[in-house]
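Per-entry structural report
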Amino acid sequence: MSIVIIRQDDKIESWKKALQSHDATLEVYSYLEPHDKEKVEMALVWKHPIGSLKKYPNLVYLASMGAGVDFIFEDPSAPLALPITRVVDRQLAIDMSEHVLALILNYLKGLDSYKVNQTKKIWKPVPYKRIADVRVGILGLGVLGTQVAQDLAKVGFQVQGWAHSHKELQNIKSYAGNNELNPFLNGSDVLVCLLPLTEATTGILNQHLFAQLPKNAYLINVARGGHLVDQDLQDFIHKQHISGASLDVYHEEPLPKDHFFWNLDEVLMTPHHASVSDTNSVVPQIVENYKRMQAGLPLFHLVSKNKGY
Ligand code: OXD
(Lines give C-alpha, C1' and ligand atoms only; values in the text may rest on other atoms or scores of the structure.)
Protein backbone atom coordinates (compact mmCIF):
# COMPACT_ATOMS: atom_id res chain seq x y z
CA MET A 1 0.00 0.00 0.00
CA SER A 2 1.44 3.36 -0.94
CA ILE A 3 0.82 7.04 -1.54
CA VAL A 4 1.54 8.92 -4.76
CA ILE A 5 2.10 12.67 -4.93
CA ILE A 6 0.99 14.29 -8.16
CA ARG A 7 1.68 17.98 -8.73
CA GLN A 8 3.51 19.84 -11.48
CA ASP A 9 5.63 22.28 -9.50
CA ASP A 10 8.90 21.69 -7.64
CA LYS A 11 7.35 20.83 -4.28
CA ILE A 12 7.01 17.04 -4.54
CA GLU A 13 10.29 16.26 -2.77
CA SER A 14 9.58 18.54 0.20
CA TRP A 15 6.14 16.99 0.65
CA LYS A 16 7.60 13.50 0.42
CA LYS A 17 10.22 14.36 3.00
CA ALA A 18 7.68 15.93 5.35
CA LEU A 19 5.38 12.89 5.10
CA GLN A 20 8.21 10.47 5.74
CA SER A 21 9.67 12.42 8.62
CA HIS A 22 6.22 12.49 10.20
CA ASP A 23 5.91 8.72 9.75
CA ALA A 24 8.94 6.78 8.50
CA THR A 25 6.82 3.71 7.70
CA LEU A 26 4.95 5.48 4.89
CA GLU A 27 5.68 4.43 1.32
CA VAL A 28 5.45 7.66 -0.67
CA TYR A 29 6.29 8.19 -4.35
CA SER A 30 6.45 11.05 -6.74
CA TYR A 31 4.34 10.26 -9.81
CA LEU A 32 7.48 10.89 -11.85
CA GLU A 33 9.62 8.15 -10.30
CA PRO A 34 9.33 4.39 -10.94
CA HIS A 35 6.72 2.81 -8.63
CA ASP A 36 4.13 0.06 -8.64
CA LYS A 37 0.94 1.89 -9.63
CA GLU A 38 -1.24 -1.08 -8.62
CA LYS A 39 -0.13 -0.67 -5.01
CA VAL A 40 -1.12 2.98 -4.72
CA GLU A 41 -4.20 3.55 -2.58
CA MET A 42 -4.03 7.24 -1.96
CA ALA A 43 -3.26 10.09 -4.38
CA LEU A 44 -2.15 13.37 -2.91
CA VAL A 45 -2.83 15.94 -5.60
CA TRP A 46 -2.47 19.61 -6.46
CA LYS A 47 -3.33 20.64 -10.03
CA HIS A 48 -2.33 17.21 -11.30
CA PRO A 49 -2.03 16.67 -15.08
CA ILE A 50 -5.45 15.86 -16.50
CA GLY A 51 -5.78 12.10 -16.93
CA SER A 52 -2.88 11.20 -14.63
CA LEU A 53 -5.14 9.58 -12.01
CA LYS A 54 -6.35 7.01 -14.54
CA LYS A 55 -3.01 5.22 -14.20
CA TYR A 56 -3.87 4.13 -10.64
CA PRO A 57 -6.43 1.31 -10.82
CA ASN A 58 -6.62 0.61 -7.08
CA LEU A 59 -6.98 4.10 -5.65
CA VAL A 60 -9.34 4.29 -2.72
CA TYR A 61 -8.89 7.89 -1.67
CA LEU A 62 -7.98 11.28 -3.17
CA ALA A 63 -6.61 14.13 -1.07
CA SER A 64 -6.15 17.71 -2.22
CA MET A 65 -2.96 19.32 -0.93
CA GLY A 66 -4.74 22.64 -0.64
CA ALA A 67 -8.02 24.10 0.55
CA GLY A 68 -9.49 24.03 -2.96
CA VAL A 69 -10.63 20.99 -4.91
CA ASP A 70 -11.95 22.66 -8.08
CA PHE A 71 -9.01 21.29 -10.10
CA ILE A 72 -10.13 17.73 -9.26
CA PHE A 73 -13.65 18.35 -10.55
CA GLU A 74 -12.16 19.91 -13.70
CA ASP A 75 -10.49 16.60 -14.62
CA PRO A 76 -13.15 14.59 -16.49
CA SER A 77 -11.24 11.37 -15.81
CA ALA A 78 -10.81 11.90 -12.04
CA PRO A 79 -12.36 9.08 -9.99
CA LEU A 80 -15.02 11.26 -8.40
CA ALA A 81 -16.78 8.32 -6.79
CA LEU A 82 -13.90 7.99 -4.30
CA PRO A 83 -13.81 9.93 -1.05
CA ILE A 84 -12.08 13.29 -1.60
CA THR A 85 -10.68 15.41 1.20
CA ARG A 86 -9.28 18.91 1.30
CA VAL A 87 -6.99 20.77 3.65
CA VAL A 88 -8.57 22.61 6.55
CA ASP A 89 -5.72 24.24 8.39
CA ARG A 90 -5.54 27.04 10.91
CA GLN A 91 -2.21 28.31 9.56
CA LEU A 92 -3.60 28.48 6.02
CA ALA A 93 -6.52 30.55 7.30
CA ILE A 94 -4.26 32.87 9.31
CA ASP A 95 -1.96 33.41 6.32
CA MET A 96 -4.97 34.32 4.17
CA SER A 97 -6.24 36.69 6.80
CA GLU A 98 -2.88 38.47 7.09
CA HIS A 99 -2.64 38.79 3.31
CA VAL A 100 -6.12 40.32 2.99
CA LEU A 101 -5.47 42.73 5.87
CA ALA A 102 -2.22 43.85 4.22
CA LEU A 103 -4.00 44.44 0.89
CA ILE A 104 -6.81 46.45 2.45
CA LEU A 105 -4.41 48.65 4.45
CA ASN A 106 -2.29 49.17 1.35
CA TYR A 107 -5.40 50.34 -0.47
CA LEU A 108 -6.72 52.58 2.34
CA LYS A 109 -3.42 54.36 2.77
CA GLY A 110 -2.58 54.60 -0.96
CA LEU A 111 0.83 52.99 -0.49
CA ASP A 112 1.05 51.72 -4.08
CA SER A 113 0.78 55.22 -5.46
CA TYR A 114 3.66 56.40 -3.24
CA LYS A 115 5.91 53.69 -4.62
CA VAL A 116 5.07 54.78 -8.16
CA ASN A 117 5.62 58.45 -7.23
CA GLN A 118 8.93 57.63 -5.56
CA THR A 119 10.31 56.17 -8.78
CA LYS A 120 9.44 59.50 -10.46
CA LYS A 121 10.61 61.66 -7.50
CA ILE A 122 7.10 63.08 -7.10
CA TRP A 123 6.07 64.46 -3.66
CA LYS A 124 2.28 64.12 -3.61
CA PRO A 125 0.15 63.36 -0.54
CA VAL A 126 -3.03 61.43 -1.40
CA PRO A 127 -6.18 61.33 0.75
CA TYR A 128 -6.37 58.26 2.97
CA LYS A 129 -9.25 56.31 4.48
CA ARG A 130 -9.72 55.15 8.08
CA ILE A 131 -10.41 51.58 9.13
CA ALA A 132 -13.50 52.52 11.14
CA ASP A 133 -15.13 54.13 8.08
CA VAL A 134 -14.68 51.17 5.77
CA ARG A 135 -17.27 48.45 5.18
CA VAL A 136 -15.71 45.18 4.08
CA GLY A 137 -17.85 42.48 2.48
CA ILE A 138 -16.59 38.91 2.52
CA LEU A 139 -18.07 36.83 -0.27
CA GLY A 140 -17.94 33.27 1.10
CA LEU A 141 -17.87 32.45 4.80
CA GLY A 142 -16.13 29.07 4.77
CA VAL A 143 -13.11 28.36 6.94
CA LEU A 144 -10.94 31.00 5.25
CA GLY A 145 -13.70 33.59 4.84
CA THR A 146 -14.72 33.29 8.48
CA GLN A 147 -11.16 33.74 9.71
CA VAL A 148 -10.68 36.81 7.50
CA ALA A 149 -14.03 38.30 8.54
CA GLN A 150 -13.38 37.81 12.25
CA ASP A 151 -9.85 39.21 12.12
CA LEU A 152 -10.94 42.28 10.14
CA ALA A 153 -13.76 42.91 12.61
CA LYS A 154 -11.25 42.71 15.49
CA VAL A 155 -9.08 45.34 13.83
CA GLY A 156 -12.10 47.68 13.64
CA PHE A 157 -13.55 47.32 10.13
CA GLN A 158 -17.31 47.15 9.66
CA VAL A 159 -17.59 43.60 8.34
CA GLN A 160 -20.38 41.76 6.63
CA GLY A 161 -20.39 38.34 5.06
CA TRP A 162 -22.41 36.58 2.40
CA ALA A 163 -22.86 32.81 2.19
CA HIS A 164 -25.37 30.15 1.20
CA SER A 165 -26.99 30.23 4.62
CA HIS A 166 -26.92 32.70 7.50
CA LYS A 167 -23.94 32.49 9.86
CA GLU A 168 -23.92 33.62 13.46
CA LEU A 169 -20.57 35.34 13.86
CA GLN A 170 -19.86 37.99 16.45
CA ASN A 171 -19.71 41.54 15.00
CA ILE A 172 -20.30 40.28 11.46
CA LYS A 173 -23.51 41.10 9.67
CA SER A 174 -24.71 38.02 7.87
CA TYR A 175 -26.37 37.90 4.45
CA ALA A 176 -27.42 34.74 2.65
CA GLY A 177 -28.71 33.50 -0.67
CA ASN A 178 -29.47 35.26 -3.95
CA ASN A 179 -32.10 37.55 -2.44
CA GLU A 180 -29.63 39.12 -0.06
CA LEU A 181 -26.71 39.40 -2.46
CA ASN A 182 -27.51 42.92 -3.70
CA PRO A 183 -28.04 44.51 -0.26
CA PHE A 184 -24.77 42.88 0.79
CA LEU A 185 -22.94 44.31 -2.25
CA ASN A 186 -24.51 47.76 -1.82
CA GLY A 187 -22.77 48.03 1.55
CA SER A 188 -19.33 46.69 0.60
CA ASP A 189 -16.69 49.38 0.08
CA VAL A 190 -14.14 46.60 -0.20
CA LEU A 191 -15.30 43.26 -1.57
CA VAL A 192 -13.19 40.18 -0.81
CA CYS A 193 -13.95 37.02 -2.78
CA LEU A 194 -13.26 33.81 -0.85
CA LEU A 195 -15.84 31.57 -2.47
CA PRO A 196 -15.13 28.04 -3.62
CA LEU A 197 -15.12 27.73 -7.41
CA THR A 198 -18.17 25.73 -8.49
CA GLU A 199 -20.59 25.85 -11.42
CA ALA A 200 -22.71 28.29 -9.43
CA THR A 201 -19.88 30.70 -8.63
CA THR A 202 -17.96 30.67 -11.92
CA GLY A 203 -17.98 34.19 -13.34
CA ILE A 204 -19.82 35.61 -10.31
CA LEU A 205 -17.50 38.66 -10.26
CA ASN A 206 -19.06 40.22 -13.34
CA GLN A 207 -20.58 43.51 -14.53
CA HIS A 208 -23.95 42.82 -12.85
CA LEU A 209 -22.30 42.26 -9.49
CA PHE A 210 -19.92 45.23 -9.93
CA ALA A 211 -22.87 47.52 -10.71
CA GLN A 212 -24.25 46.79 -7.23
CA LEU A 213 -21.08 47.88 -5.44
CA PRO A 214 -20.80 51.46 -4.15
CA LYS A 215 -18.92 53.83 -6.46
CA ASN A 216 -15.15 53.60 -5.90
CA ALA A 217 -15.38 50.14 -4.36
CA TYR A 218 -12.22 48.04 -4.23
CA LEU A 219 -12.10 44.35 -5.21
CA ILE A 220 -9.88 41.64 -3.75
CA ASN A 221 -9.95 38.22 -5.38
CA VAL A 222 -8.00 35.61 -3.45
CA ALA A 223 -10.26 32.67 -4.39
CA ARG A 224 -9.97 31.52 -8.01
CA GLY A 225 -9.43 33.23 -11.35
CA GLY A 226 -12.59 31.53 -12.64
CA HIS A 227 -14.74 33.72 -10.38
CA LEU A 228 -13.79 36.85 -12.29
CA VAL A 229 -14.82 38.11 -15.71
CA ASP A 230 -11.56 39.93 -16.43
CA GLN A 231 -12.94 42.24 -19.10
CA ASP A 232 -15.80 43.38 -16.84
CA LEU A 233 -13.30 44.36 -14.17
CA GLN A 234 -11.28 46.40 -16.65
CA ASP A 235 -14.46 48.13 -17.90
CA PHE A 236 -15.59 49.02 -14.38
CA ILE A 237 -12.14 50.36 -13.53
CA HIS A 238 -12.10 52.45 -16.71
CA LYS A 239 -15.49 53.94 -15.97
CA GLN A 240 -14.26 54.66 -12.42
CA HIS A 241 -16.94 52.65 -10.70
CA ILE A 242 -14.33 50.32 -9.23
CA SER A 243 -11.27 52.16 -7.97
CA GLY A 244 -8.91 49.20 -8.15
CA ALA A 245 -8.33 45.57 -7.38
CA SER A 246 -5.87 43.17 -5.82
CA LEU A 247 -5.73 39.82 -7.57
CA ASP A 248 -3.92 36.70 -6.44
CA VAL A 249 -5.57 34.22 -8.81
CA TYR A 250 -6.11 34.11 -12.57
CA HIS A 251 -7.82 32.09 -15.28
CA GLU A 252 -4.43 30.92 -16.42
CA GLU A 253 -1.45 30.71 -14.04
CA PRO A 254 1.16 32.03 -14.53
CA LEU A 255 -0.80 34.86 -16.14
CA PRO A 256 0.16 35.07 -19.85
CA LYS A 257 2.51 37.97 -20.58
CA ASP A 258 0.07 39.56 -23.03
CA HIS A 259 -2.81 39.78 -20.54
CA PHE A 260 -4.04 43.36 -19.99
CA PHE A 261 -3.87 43.03 -16.18
CA TRP A 262 -0.08 43.41 -16.34
CA ASN A 263 -0.45 46.99 -17.57
CA LEU A 264 -3.41 48.10 -15.48
CA ASP A 265 -2.10 50.55 -12.84
CA GLU A 266 -5.17 50.05 -10.67
CA VAL A 267 -4.54 46.32 -10.34
CA LEU A 268 -2.09 44.93 -7.81
CA MET A 269 -1.11 41.40 -8.79
CA THR A 270 0.36 38.66 -6.60
CA PRO A 271 1.27 35.21 -8.00
CA HIS A 272 -1.28 32.91 -6.27
CA HIS A 273 0.69 33.15 -3.07
CA ALA A 274 -1.75 34.66 -0.55
CA SER A 275 -1.83 31.51 1.53
CA VAL A 276 0.08 28.34 0.78
CA SER A 277 -0.23 24.94 2.52
CA ASP A 278 2.65 24.63 4.95
CA THR A 279 3.78 21.01 4.98
CA ASN A 280 4.62 21.02 8.71
CA SER A 281 1.17 22.23 9.55
CA VAL A 282 -0.78 20.12 7.04
CA VAL A 283 1.05 16.76 6.95
CA PRO A 284 -0.32 15.50 10.31
CA GLN A 285 -3.93 15.74 9.09
CA ILE A 286 -3.03 14.02 5.82
CA VAL A 287 -1.30 11.12 7.57
CA GLU A 288 -4.14 10.87 10.08
CA ASN A 289 -6.65 10.60 7.24
CA TYR A 290 -4.51 7.99 5.47
CA LYS A 291 -4.52 5.86 8.60
CA ARG A 292 -8.24 6.36 9.09
CA MET A 293 -8.78 5.27 5.49
CA GLN A 294 -6.74 2.10 6.13
CA ALA A 295 -8.70 1.43 9.33
CA GLY A 296 -12.03 1.99 7.57
CA LEU A 297 -12.83 5.03 9.74
CA PRO A 298 -14.62 8.16 8.48
CA LEU A 299 -12.25 10.76 7.01
CA PHE A 300 -11.86 14.35 8.17
CA HIS A 301 -12.57 17.30 5.86
CA LEU A 302 -14.51 15.33 3.27
CA VAL A 303 -15.65 17.23 0.19
CA SER A 304 -19.33 17.22 -0.76
CA LYS A 305 -19.66 16.02 -4.36
CA ASN A 306 -22.98 17.85 -4.67
CA LYS A 307 -21.65 21.15 -3.52
CA GLY A 308 -18.26 20.75 -5.22
CA TYR A 309 -16.28 21.90 -2.13
C1 OXD B 1 -5.66 26.42 -2.02
C2 OXD B 1 -4.90 27.44 -2.76
O3 OXD B 1 -6.78 26.09 -2.45
O4 OXD B 1 -3.69 27.63 -2.47
O5 OXD B 1 -5.16 25.92 -1.00
O6 OXD B 1 -5.43 28.10 -3.64
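Whatever comes next refers back to the structure up there.
Here we summarise the structure given alongside this text. (Residues numbered from 1 in each chain as written. Predicted model: local features only at pLDDT ≥ 70, side-chain atom pairs only at ≥ 80, totals over all residues. Heavy atoms only, no water.)

1. Let's talk about the site of the ligand
This is how it is decided: Near is defined per residue: the residue qualifies when any heavy atom it owns lies within 4 Å of the molecule or strand. N or O atoms within 3.5 Å of each other form a polar contact, as long as, within protein, one can give a hydrogen and the other can take it, and as long as residues adjacent in sequence are counted only when both atoms are side-chain atoms. A 1.4 Å probe and the Shrake-Rupley method give the accessible areas. Residues count as covered only by the protein chains that appear here. Amino acid classes used here: Ala, Val, Leu, Ile, Met, Phe, Trp, Tyr, Cys and Pro are nonpolar; Asp, Glu, Lys and Arg are charged; the rest, including Gly, are polar.
All residues in the neighbourhood of the ligand are listed as Trp-46, Gly-66, Ala-67, Gly-68, Arg-224, His-272 and Ser-275. In this structure, Arg-224 approaches the ligand through a side-chain N or O atom, which is 2.7 Å from an oxygen atom. In this structure, His-272 approaches the ligand through a side-chain N or O atom, which is 2.7 Å from an oxygen atom. Protein coverage of the free-state accessible area of the ligand, which is 210 Å², stands at 85%. Residues that form the shell around the ligand fall into these classes: 2 nonpolar, 4 polar and 1 charged.

2. A closer look at the packing of helix H3 (residues 90–109) against helix H5 (residues 143–155)
Applicable threshold: Under this scheme, a helix contributes an axis fitted over its contacting stretch, all axes are lines through C-alpha atoms, and angles between N-to-C directions fall in the 0 to 180 degree range. Only DSSP runs of H or I covering at least 4 residues are called helices, and only runs of E covering at least 2 are called strands; the numbering of each starts at the N terminus. Here the angle decides the label: under 35 degrees means roughly parallel, over 145 means roughly antiparallel, 65 to 115 means roughly perpendicular, and every other value means oblique. Less than a right angle of anticlockwise turn of the near helix away from the far helix marks a crossing as left-handed, whereas a clockwise turn marks it as right-handed. In what follows, a contact means two residues having at least one pair of non-hydrogen atoms within 4.5 Å.
Running from N to C, H3 and H5 point in directions that differ by 50°, and their axes come no closer than 8 Å. One way to sum up the angle between H3 and H5 is to call them oblique. When the axes of H3 and H5 are compared, the crossing they make is right-handed. Every residue of H5 that contacts H3 at Arg-90, Leu-92, Ala-93, Ile-94, Met-96, Ser-97, Val-100, Leu-101 and Ile-104 is listed here: Val-143, Leu-144, Gln-147, Val-148, Asp-151, Leu-152 and Val-155. Residue composition of the contact of H3 with H5, by class: 12 nonpolar, 2 polar and 2 charged.

3. A few points about the pairing of strand S11 (residues 242–247)
How we decide: Each residue is placed in one exposure class: buried if its accessible area under a 1.4 Å probe, protein chains only, is under 20% of its type's maximum, exposed if it is over 50%, and partly exposed if it falls in between. Orient the strands so they point away from the viewer; a crossover is then right-handed if the path from the first strand over the helix to the second runs clockwise. In this scheme, strands are said to pair when DSSP sees at least two bridges between them.
Burial analysis of S11 places 5 of its 6 residues in the buried class, which makes it a mostly covered element. Remark: the strand S10 (residues 217–221)/helix H8 (residues 230–238)/S11 crossover connection has right-handed handedness. Looking at chain direction, S11 and strand S12 (residues 267–269) are connected through 3 bridges and run parallel. Residue pairing in the sheet places Ser-246 in a bridge with Leu-268 of S12.

4. Here's the deal with the nonpolar core
Using the following cut-off: For the purposes of this section, nonpolar cores are sets of buried Ala, Val, Leu, Ile, Met, Phe, Trp, Tyr and Cys residues that join through side-chain atoms within 4.5 Å.
One finds Leu-19, Met-42 and Leu-44 to be the most contacted residues of the largest nonpolar core, which totals 39 residues. Those elements giving two or more residues to this core turn out to be strand S1 (2–7), helix H1 (12–22), strand S3 (40–46), strand S4 (61–64), helix H2 (70–73) and helix H9 (279–294). Not counting residues within four places of it along the chain, the set of residues in contact with Met-42 comprises Ser-2, Ile-3, Val-4, Leu-59, Tyr-61, Ala-63, Ile-286, Tyr-290 and Met-293. Core analysis: the next-biggest nonpolar cluster, separate from the first, contains 29 residues, Leu-205, Phe-210, Ala-223 and Val-267 among them.

5. Here we look at unusual backbone geometry
Cis geometry marks the peptide bond from Glu-253 to Pro-254, where omega comes out at -5°. Here Pro-254 is to be found in the loop between S11 and S12. Of note in this structure, His-272 is not a glycine but carries a positive phi near 45°. Note on placement: His-272 falls in the loop between S12 and H9. Overall, His-272 belongs to the partly exposed group, its relative accessible area being 22%.

6. A look at H1
Formally: It is the directions from the helix axis to the C-beta atoms that the arc portrays.
Within the span of H1, buried status applies to Ile-12, Trp-15, Lys-16, Ala-18 and Leu-19. All buried residues of H1 project into a common sector of 165° when viewed along the axis, lining one side. In this structure, H1 carries Lys-17 and Ser-21 as exposed residues pointing more than 90 degrees from its buried face. Buried-residue contacts for H1 involve S1, strand S2 (28–30), S3 and H9.

7. Concerning the sheet that holds S1
Read across the sheet, 5 strands follow the order S2-S1-S3-S4-S5 without closing on themselves; strand pairing throughout is parallel. On the outer flanks of this sheet lie S2 and strand S5 (84–85), each paired with one strand and no other. H9 rests against S1, S3, S4 and S5 of the sheet, and its axis sits at about 150° to S3.

8. Digging into the pattern of salt bridges
What counts here: Any carboxyl oxygen of Asp or Glu within 4 Å of a side-chain nitrogen of Lys or Arg constitutes a salt bridge here.
Under the defined criterion, the tally for this structure stands at 9 salt bridges. Where Asp-70 meets Arg-224, a salt bridge forms, and the shortest distance between an N and an O atom there is 3.0 Å. With Asp-70 in helix H2 and Arg-224 in the loop between S10 and H8, the pair connects residues that are 154 residues apart, well separated along the chain. You can call Arg-224 buried: its relative accessible area is 14%.

9. Description of the sheet that holds S10
Spatially, 7 strands are ordered S8-S7-S6-S9-S10-S11-S12 in an open sheet, and the strand pairing comes out parallel. Strands at the two margins of the open sheet, each flanked by one partner only, are strand S8 (172–176) and S12. Between one strand axis and the next, the sheet turns by 15° as a mean value, whatever way the strands run. Sheet topology places strand S6 (residues 135–139) next to strand S9 (residues 190–193); 4 bridges connect them, and they run parallel. Counted as the bridge partner of Val-136 is Val-190 from S9.

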